[in-house]
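Residues per chain, in single letters:
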Amino acid sequence: MSLHFSEETHRNLVARVPACTGRELPDWFREIEAGPAFSRFEDRVSWLQGEHNLGHGHALAIVREHERRRHAPGGVS
């Protein structure tokens, strides 16, 4: 499955994360940081899917947004 989708699709998925998962993005970011120390992006996506029963699109969007914010000035929020 592809790891890439458009910016618009990413924004839409990120915006729907709280309603679809019942948790806000900062909660998911903390979950990623407290979870297993996977070095591969794909492994973090698969872990979120399996451990938290997330769909592929939402897991991918959460990990992608976490990476973006982690590398942005000021870090993850």
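Residues numbered from 1 in each chain as written. Predicted model: local features only at pLDDT ≥ 70, side-chain atom pairs only at ≥ 80, totals over all residues. Heavy atoms only, no water.

Caption draft 1: Local environment of the pattern of salt bridges. Within the structure shown, the criterion is met by nine salt bridges. Here Arg-40 ties to Glu-42 by a salt bridge, and the two come within 3.9 Å at their closest N and O atoms. With relative accessibility at 46%, the residue Arg-40 sits in the partly exposed group. The partner of Glu-65 in a salt bridge is Arg-69, and the shortest N-O contact between them spans 2.9 Å. Here Arg-69 and Glu-65 lie together in helix α4 (residues 56-71), a separation of four residues that amounts to about one turn. It is possible to trace a salt-bridge network through shared partners that takes in Glu-7, Arg-64 and Arg-68. (Salt bridge = Lys/Arg side-chain N within 4 Å of Asp/Glu carboxyl O. Buried < 20%, exposed > 50% of the residue type's maximum accessible area, 1.4 Å probe, protein only. Helix = DSSP H or I, 4+ residues; strand = E, 2+ residues; numbered from the N terminus.)

Caption draft 2: Broad picture of the packing of aromatic side chains. Tallied over the full model, the rule gives zero aromatic pairs. The ring of Trp-28 carries the charged tip of Arg-23 above its face, separated from the ring centre by 4.3 Å. (Phe/Tyr/Trp six-rings, centres within 6.5 Å; stacked < 30°, edge-to-face > 60°. Lys NZ or Arg CZ within 6 Å of the ring centre and 35° of its normal.)

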